[in-house]
Amino acid sequence: MALEHALLVALSERPASGLELTRRFERSLGFFWHATHQQIYRVLGRMEADGWVSVEVVAQAGRPDKRVHTPSALGRRVLADWLAEPLPMESFRSELAVKLRGASYGDRATLASHLVTTRAEHAARLAAYEQMEREQFPDPAALDEAARDQWLVLRGGIGLERFWIDWITDYLEKTS
């Protein structure tokens, strides 16, 4: 997947300026696909040049004009084609997994202390995801299709955070 596809999804949900997209990545999309504001602006420029997005310039009092991006007909077609492609099997590339496997060749106590910190970070993210779910999706049965998709991705994130917490806990319990 390219950042272009993530941006097309985000802009399909709601047209936005580069700054608004950056903020949305920091609050939600960034949990699943990381991009810096420089990457977002660079890719938006390329998408505009390729005809994937249309731009509306909105004047702002006392501030530079805002450029609001919306998927063009070509961009919507590119997104639809990408969504129709078969899914590759997700790969699992994890520095944590390699460190766990190699723990007996180093300082296991130091690794264990890092694992406790990492588990706390995952617990904090899990709490944030669960709070987002309560606030943004209080009645999942009443969601329209787009909101249901967002909720289900959030549920996937909740499941992943539980996975990390459970795996780290299991490792720590069996090696202490």
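Small disclaimer: the values here were computed from a predicted structure and weren't measured.

(A) Structural view of the overall build of the protein. From N to C terminus, the protein includes 7 helices and 2 strands. Starting at the N terminus and ending at the C terminus, the protein contains elements arranged as α-α-α-β-β-α-α-α-α. For 176 residues, the compact-globule estimate of 2.2 N^0.38 gives 16 Å, and the protein exceeds it by more than 25% at 20 Å. Taking the principal axes of the C-alpha coordinates as reference, the protein spans close to 60 × 45 × 40 Å.

(B) The pattern of salt bridges, seen in detail. Taken as a whole and assessed by the stated rule, the structure comprises 9 salt bridges. For Glu95, the salt bridge goes to Lys99, with nearest N and O atoms at 3.6 Å. Taken together, the residues span about one helical turn, with Glu95 and Lys99 both in helix α5 (residues 95-101) at a distance of 4 residues. When its relative accessible area of 44% is taken as the criterion, Lys99 is described as partly exposed.

(C) Just a positive patch on the surface, in detail. A grouping of Arg14, Arg23, Arg27 and Arg63 is seen on the molecular surface, where their side chains present a positively charged patch. Inspection of the secondary structure assignment puts Arg27 in helix α2 (residues 18-27).

(D) Structural context of the UniProt feature "domain: Transcription regulator PadR C-terminal" (unreviewed entry) in the protein. The feature "domain: Transcription regulator PadR C-terminal" (unreviewed entry), as annotated in UniProt, sits at residues 93-174 in this numbering. For residues 93-174, the helix share is 80%, the strand share is 0%, and the end-to-end C-alpha distance is 23 Å.

(E) Structural context of the nonpolar core. With 18 residues, the main nonpolar core has Leu3, Leu7, Leu8, Leu21, Phe25, Ile40 and Met47 as its most contacted residues. When neighbours within four sequence positions are excluded, Leu7 is seen to be in contact with Leu21, Phe25, Ile40, Val43, Leu44 and Met47.

(F) The arrangement of the packing of aromatic side chains in detail. Throughout the structure, instances matching the rule amount to 3 aromatic pairs. With a centroid separation of 5.2 Å and an interplanar angle of 65°, the aromatic rings of Phe163 and Trp164 are classed as edge-to-face. Through a chain of ring-to-ring contacts, three or more aromatic side chains come together here, namely Phe163, Trp164 and Trp167.

(G) Up close: the pairing of strand β1 (residues 53-60). Pairing of β1 with strand β2 (residues 63-71) involves 7 bridges; the strand directions are antiparallel. Within β2, the residue paired with Ser54 across the bridge is Thr70. With antiparallel pairing between neighbouring strands as the criterion, β1 and β2 make up a hairpin whose turn holds 2 residues, including Gly62 at a positive phi of roughly 70°.

(H) Local environment of the packing of α2 against helix α3 (residues 37-49). At a minimum axis distance of 9 Å, the contact between α2 and α3 shows a crossing angle of 135°. Classed by the angle they form, the pair α2 and α3 counts as oblique. Considering how the two elements wind past one another, α2 and α3 form a crossing that is right-handed. Counted together, Gly18, Leu19, Leu21, Thr22 and Phe25 of α2 and His37, Ile40, Tyr41 and Leu44 of α3 form the full contact between these two elements. Looking at the contact of α2 with α3 residue by residue, the classes come out as 6 nonpolar, 3 polar and no charged.

(I) Local environment of the layout of surface pockets. Size it by volume and the second largest pocket reaches roughly 260 Å³. Residue lining of the second largest pocket: 16 residues in total, with Ser17, Gly18, Leu19, Tyr41 and Lys66 positioned closest to the centre. At the level of elements, α2, α3 and β2 are the ones that each hand at least two residues to the lining of the second largest pocket. Ranked by residues supplied to the lining of the second largest pocket, first place goes to β2 with 6 residues.

(J) Representation of the side chain of His122 within the structure. In this structure, His122 sits in helix α6 (residues 108-136). Residue classification places His122 among the buried residues on the basis of a relative accessible area of 15%.

Reading guide: rules and limits
Residues numbered from 1 in each chain as written. Predicted model: local features only at pLDDT ≥ 70, side-chain atom pairs only at ≥ 80, totals over all residues. Heavy atoms only, no water. Helix = DSSP H or I, 4+ residues; strand = E, 2+ residues; numbered from the N terminus. Rg over C-alpha atoms; globule rule 2.2 N^0.38 Å. Salt bridge = Lys/Arg side-chain N within 4 Å of Asp/Glu carboxyl O. Buried < 20%, exposed > 50% of the residue type's maximum accessible area, 1.4 Å probe, protein only. Patch = residues over 30% accessible without salt bridge, like charges linked within 9 Å, V, L, I, M, F, W, Y side chains within 5 Å. Areas by Shrake-Rupley, 256 points an atom, 1.4 Å probe, with all protein chains shown as cover. Lys, Arg positive; Asp, Glu negative; His and termini not counted. Charge placed at Lys NZ, Arg CZ, Asp CG, Glu CD. UniProt positions renumbered as here; feature names shortened; annotations may be inferred. Core = buried A, V, L, I, M, F, W, Y, C linked by side-chain atoms within 4.5 Å. Contact = heavy atoms within 4.5 Å. Phe/Tyr/Trp six-rings, centres within 6.5 Å; stacked < 30°, edge-to-face > 60°. Pairing = 2+ DSSP bridges. Axes fitted to C-alpha atoms, helices over the stretch in contact; angles between N-to-C directions. Parallel < 35°, antiparallel > 145°, perpendicular 65-115°, else oblique. Left-handed = near helix turned anticlockwise from the far one by under 90°. Nonpolar A, V, L, I, M, F, W, Y, C, P; charged D, E, K, R; others polar. 1 Å grid on protein atoms, 1.4 Å probe; cavity = no way out; pocket = protein on both sides within 12 Å on 5 of 7 lines; lining within 4 Å. Points joined across faces, edges and corners; volume = space filled by probe spheres on them.

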